[in-house]
Amino acid sequence: GGAGDPTVMRSVADERGAASVELVVIVPALVLMLGLLIAGGRLWFARATVVEAAQSAARAASLERSAGSAHRAGVSAGARVLATDGLRCAGDSISVDTSAFGVPVGTPATVRAAVTCQVPFSDLAIPGMPGSVTVRSSGSAALDTYRARS
């Protein structure tokens, strides 16, 4: 069993190139895992931001005195949250339901807002991952029951 033993020499020769084979197998798996982590983080961030935008849009609209100004304020507030938080949407929409302004004063009413964002994943190049995922949320805020409306 010394250094010149043919069995020791054969086992060293048999393992030549094993490290490069291991590297070829492990690196793509690590890159795939990194891509999935980035996609998961992007989706979590998008959901949190879209929820915040919908709530902000509804709240801003509920503070206005007319349906027209409520719609403008709601859309503006929702867009501001999406832009401020830095969320990249391939396509987004913000809608504000101001029909509550038609309810007579003294009757409880609620303004609703809906925000949709298409979150892109095409830049991650993960096999089987869709090009984008649509994230939706809605928010609502009560109108002051006894405040004048128009």
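Residue numbers run consecutively from 1 along every chain, following the written order of its sequence. Reporting of local features is limited, given that this is a predicted model, to residues whose pLDDT is at least 70; pairs of side-chain atoms are given and counted only at 80 or more, and all residues count toward the totals for whole chains, interfaces and linings. The side-chain figures draw on all heavy atoms in the structure; neither hydrogens nor water molecules are used.

Asker: Can you lay out the overall build of the chain for me, pointing to particular residues and giving the numbers?
Answerer: Helix numbering and strand numbering both begin at the N terminus, where a helix is a DSSP run of H or I of at least 4 residues and a strand a DSSP run of E of at least 2. The secondary structure content of the chain amounts to 3 helices and 3 strands. Exposure categories follow from relative accessible area, calculated using a 1.4 Å probe and restricted to protein chains: below 20% of the type maximum is buried, above 50% is exposed, and the middle band is partly exposed. When burial is assessed residue by residue, the chain has 30% of its 150 residues classed as buried. For the chain, the share of sequence-separated contacts (at least 6 apart) that also reach a separation of at least 24 residues comes to 68%. All accessibility values rest on the Shrake-Rupley procedure with a 1.4 Å probe; residue burial counts only the protein chains present in the view. Accessible area of the chain: about 9000 Å², with a carbon and sulfur share of 61%. Contacts: residue pairs with any heavy atoms within 4.5 Å of one another.

Asker: Run through helix α3 (residues 67-85), naming residues and quoting values.
Answerer: For α3, which comprises 19 residues, the first-to-last C-alpha distance of 27 Å matches the rise-based estimate of 27 Å (1.5 Å per residue) to within 8%. Listing the buried residues of α3 in full gives Ser69, Ala70, Ala73, Gly74, Ala77, Gly78, Val81 and Leu82. Tucked inside the fold, the buried residues of α3 contact α2 (18-62), β1 (91-97) and β2 (110-120). Glycine 86 sits one or two positions beyond α3 and adopts a positive phi of about 80 degrees. To estimate the expected span of a helix, subtract one from its residue number and multiply by 1.5 Å.

Asker: So what about the sheet that holds strand β3 (residues 132-142)? Which residues, and what values?
Answerer: Pairs of strands are assigned from DSSP output, requiring at least two bridges between the strands. The 3 strands are arranged β1-β2-β3 in an open sheet whose pairing can be described as antiparallel. On the outer flanks of this sheet lie β1 and β3, each paired with one strand and no other. Across the sheet, the mean angle from the axis of one strand to that of its neighbour is 10 degrees, orientation sign disregarded. Bridge analysis of β2 against β3 gives 11 bridges, and the strand direction is antiparallel. Counterpart to glutamine 118 in the pairing with β3 is threonine 134. A fitted line through C-alpha atoms represents every axis, and for helices the fit uses only the stretch in contact; the resulting angles, taken between N-to-C directions, go from 0 to 180 degrees. Those strands touched by α2 are β1, β2 and β3, and its axis lies near 30 degrees from that of β3. This element, α3, spans β1 and β2 of the sheet and lies at about 145 degrees to β1.

Asker: Which residues make up the state of the cysteines, and what are the values?
Answerer: Sulfur atoms of two cysteines make up a disulfide when they are within 2.5 Å. On inspection of all chains with the given rule, the structure shows 1 disulfide. Each sulfur of the disulfide joining cysteine 89 and cysteine 117 lies 1.9 Å from the other. On the S-S bond that ties cysteine 89 to cysteine 117, the torsion sits near -110 degrees, and the link is left-handed. On the criterion of sequence distance, the pair formed by cysteine 89 in the loop between α3 and β1 and cysteine 117 in strand β2 is long-range, its members being 28 residues apart. Here cysteine 89 falls in the partly exposed class, since its relative accessible area comes to 22%. A relative accessible area of 0% places cysteine 117 in the buried class.

Asker: Pulling in residues and values, what's your account of a nonpolar patch on the surface?
Answerer: Taken together, the side chains of Val21, Val25, Ile26, Leu30 and Met33 define a hydrophobic patch exposed on the protein surface, amounting to about 500 Å² of accessible area. By the element assignment, leucine 30 lies in helix α2. Residues with no salt bridge and a relative accessible area higher than 30% make up the patches, which join like charges within 9 Å and nonpolar side chains (Val, Leu, Ile, Met, Phe, Trp, Tyr) within 5 Å. We define a salt bridge as a contact between a side-chain nitrogen of Lys or Arg and a carboxyl oxygen of Asp or Glu at a distance within 4 Å.

Asker: Describe the side chain of arginine 42, with residues and values.
Answerer: Tracing the chain through its elements places arginine 42 in helix α2. Looking at arginine 42, its side chain comes within polar contact range of the main-chain oxygen of proline 120, at 2.7 Å. Residues contacting arginine 42, with those up to four places away along its chain left out, are Val119, Pro120, Phe121, Asp123 and Leu124. Here a polar contact is recorded for every N or O atom pair within 3.5 Å, except that within protein the pair must consist of a potential hydrogen donor and a potential acceptor, and residues adjacent in sequence are included only if both atoms are side-chain atoms.

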